[in-house]
Amino acid sequence: MAFQGKKLINNPDDVVTEFIEGLVETYPGLQYLDGFPQIKVVLRADVERGAYDKVAVISGGGSGHEPAHAGFVGPGMLTAAVSGDVFASPPVDSILAAIRAVTGPMGCLLIVKNYTGDRLNFGLAAEQAKSEGYKMEMVIVGDDCALPPPRGIAGRRGLAGTILVHKVAGAAADAGLSLADVAAEAKHASEVVGTMGVALSVCTLPGQVTSDRLGPKQMELGLGIHGEPGVAVVDLQPVDVVVEHVLKQILSQETQYLPITRGSNAVLLINGLGATPIMELMIAARKAVPELQLEYGIAVDRVYTGTLMTSLDMAGLSITIMKSDENILKRLDAPTKAPAWPVGSEGNRPPAKFPVPVPPSPSVKGDEILAQPQELSKQGCILEAAIEASATEIINLKDILNEWDGKVGDGDCGTTMYRGATAILEDMKKRYPMNDAAGTINEIGATIRRVMGGTSGILYDILFKAAYASLKQSTTVSANEWADALEASVAAVSKYGGASTGYRTMLDALIPASTVLRQRLKAGEDPVTAFMASSEAASAGAESTKQMQAKAGRSSYIAPDLLASIPDPGAMAAAAWYRAAALAVKNKLHGSKS
């Protein structure tokens with residue numbers, strides 16, 4: 001029977017901010033940005049904004065994994081950590097605030113656990129930061145060894161092995177290495193680490209009931225860190241049997257997740273999931289070390305045992321193995337004052353709060369309204385017509401998009417797109433600098449970020465942010481510059497979302513459109529004719545998704561026979577607004593004749 005979990009908390013909505021306040025009171029080397037409740041960022045108190053002379057290393061994710069990630073902020077490890085709500089990825093603006101607060105001329109490395117929300121939010125923040133002039137790199141950690149190699153793009157989950165990657169990257173940055181070299185060391189570390197978790201209980205979210213998924217004599221193998229079900233539920237076993245099973249899975253020669261063979265050297269991490277006594281973790285460590293040495297012929301160079309990356313109050317543990325070499329050991333042994341490594345911090349206590357740095361918008365600041373109606377140039381009139389036509393088309397398609405999405409997804413594609421389209425129509429008259437194409441594209445992205453939400457909102461924000469970064473490099477915006485912007489947008493969405501042609505996403509409309517537009521323009525065709533041809537390619541691409549098996553998004557969990565004859569709603573929406581824009585441009589320049 002499910003029951004209300006007992007927690008020593010106040011308001012469940014305040015647990016993350018109150019945790020951060022307690023953390024900085026405990027460790028004087030830490031501060032937080034004064035942006036509660038939206039912005040929850042812990043940073044080093046000794047880093048002066050804009051003047052830090054080493055690579056900044058930032059990580060983060062949903063809360064509930066304490067002491068990760070804020071507990072690993074300190075000299076020799078993370079420069080800042082960004083927290084979302086419990087088990088929810090932090091918003092883009094929080095990540096940007098952290099980047100702006102600690103990044104100096106050497107640049108910034110983002111270390112991201114492999115979850116779709118984290119990838120997209122951190123990815124969009126990286127693109128925005130690049131457009132503001134920051135040097136950025138991002139490394140994604142997917143160290144889960146419990147699941148078979150994935151067929152789609154979701155990939156392996158990021159687990160406790162991420163902490164070791166933090167330490168390697170932080171020590172490399174502290175040694176004064178360049179951004180490229182720090183990123184290379186972090187990427188290498190992420191490729192030689194594997195983790196698997198085992199749970200005896202299900203975690204309880206603040207203010208919610210405790211699930212009764214596990215019986216009193218059951219345990220769960222291969223779970224993630226968000227309370228999601230594992231690979232299998234089995235009868236409770238002695239810890240020695242559990243350790244043997246977990247090591248066998250991590251070192252499996254079938255999956256070959258780790259490049260470790262007999263004769264290799266390794267680092268071992270025994271991590272508690274939140275409610276596991278240190279006694280039990282040490283019992284597991286005492287079994288794992290000789291098992292690795294005697295059964296697998298692996299020399300264990302270092303052993304770390306403790307509670308580092310949790311799942312709230314879950315009883316259980318995870319085991320992490322990282323292939324070690326001289327450089328990795330040098331980075332792991334380097335000194336750090338990050339409190340959860342665990343090393344206490346020293347020094348005088350600075351103010352706990354630090355103001356959120358917010359740069360001015362390149363076009364219109366915040367909620368500032370354009371002082372007076374613009375007198376639009378010819379290009380401004382064309383852009384206005386295209387935006388209005390695209391948004392209106394999406395509004396008209398709301399119900400059919402929801403209907404399709406109800407059969408292949410979660411049923412809200414039309415509503416989400418409608419929310420973005422209506423906000424764009426409202427904002428375009430008040431705050432879009434229509435005579436400035438790059439600035440307008442940037443403001444559309446800001447509108448979408450504010451109102452759309454979900455994966456679609458992030459993907460479209462990335463789309464427009466990449467287009468803005470491309471367009472702002474040109475003093476005049478011609479057809480070729482628009483083609484460049486579309487190519488950059490498609491590449492960014494593919495990079496951070498992981499999809500490409502044939503994955504049954506909006507890219508199945510936009511990639512053909514981009515390809516045809518470039519081909520027609522290169523052949524010397526009239527830009528309007530080329531735009532119309534590319535819109536036809538977008539429509540054909542969207543229609544072709546009826547025959548595709550999904551490899552991304554929620555549709556990838558649905559049986560292929562249920563997807564047959566139903567197009568991907570996201571692809572159809574993209575094709576619709578793209579074609580509406582093309583028709584509007586044609587009508588403006590060539591009249592209404594078809």
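Preceding this paragraph is the structure being described.
Just so it is clear, the structure is predicted and the values come from calculations on it, not from any experiment.

**With respect to the sheet that holds strand 3 (residues 41-44)**
In space, the seven strands of this open sheet follow the order 7-6-4-5-3-2-15, with mixed pairing throughout. Each having just a single partner strand, strand 7 (136-141) and strand 15 (353-354) make up the two edges of the open sheet. Two elements, strand 2 (residues 30-33) and strand 3, share three bridges in a ladder whose sense is antiparallel. Its bridge partner being in strand 3, Tyr 32 is matched across the sheet by Val 42. Helix-sheet contacts for helix 3 (residues 116-131) involve strand 4 (56-63), strand 6 (108-113) and strand 7, and the interaxial angle to strand 7 is about 170°.

**Looking at the nonpolar core**
Of all hydrophobic cores here, the largest spans 96 residues; its most connected members are Ile 58, Ile 99, Leu 110, Tyr 460, Trp 577 and Tyr 578. Setting aside chain neighbours within four positions, we find Ile 99 in contact with Ile 58, Cys 108, Leu 110, Ala 125, Ala 129, Tyr 134 and Met 136. Judged by nonpolar contacts, the second largest core, of 51 residues, contains Val 15, Met 77, Val 141 and Ala 172.

**Remarks on the packing of aromatic side chains**
Under the definition given, this model contains five aromatic pairs. Ring centres of Tyr 32 and Phe 36 lie 4.6 Å apart, and the angle between their planes is 10°; this geometry places the pair in the stacked category. The class of Tyr 32 is buried, set by a relative accessible area of 4%. Exposure remark for Phe 36: the relative accessible area of 24% places this residue in the partly exposed category. Judged by centre distance (5.3 Å) and plane angle (85°), the rings of Phe 531 and Tyr 578 are edge-to-face. Here Tyr 578 lies in helix 18 (residues 569-590) and Phe 531 lies in helix 16 (residues 527-544), a separation of 47 residues in the sequence. On the accessibility criterion, Tyr 578 (4% relative accessible area) is buried. An aromatic cluster is present here, built from Tyr 460, Phe 531, Trp 577 and Tyr 578 joined pairwise through their rings.

**Comments concerning the pattern of salt bridges**
Taken as a whole and assessed by the stated rule, the structure comprises 22 salt bridges. Of the charged contacts in the structure, one is a salt bridge between Arg 286 and Asp 240, with a shortest N-O distance of 2.7 Å. Of this pair, Arg 286 sits in helix 7 (residues 278-295) while Asp 240 sits in helix 6 (residues 239-250), and the two are 46 residues apart along the sequence. The exposure class assigned to Asp 240 is partly exposed, which follows from its relative accessible area of 25%. For Lys 287, the salt bridge is made with Glu 291, and the minimal N-O distance between the two is 3.3 Å. Of the two residues, Lys 287 and Glu 291 are both situated in helix 7; the distance of four residues between them amounts to about one turn of the helix. For the pair formed by Lys 287 and Glu 291, the shared burial category is buried.

Thresholds, definitions, all that
- Residues numbered from 1 in each chain as written.
- Predicted model: local features only at pLDDT ≥ 70, side-chain atom pairs only at ≥ 80, totals over all residues.
- Heavy atoms only, no water.
- Pairing = 2+ DSSP bridges.
- Helix = DSSP H or I, 4+ residues; strand = E, 2+ residues; numbered from the N terminus.
- Contact = heavy atoms within 4.5 Å.
- Axes fitted to C-alpha atoms, helices over the stretch in contact; angles between N-to-C directions.
- Core = buried A, V, L, I, M, F, W, Y, C linked by side-chain atoms within 4.5 Å.
- Buried < 20%, exposed > 50% of the residue type's maximum accessible area, 1.4 Å probe, protein only.
- Phe/Tyr/Trp six-rings, centres within 6.5 Å; stacked < 30°, edge-to-face > 60°.
- Salt bridge = Lys/Arg side-chain N within 4 Å of Asp/Glu carboxyl O.

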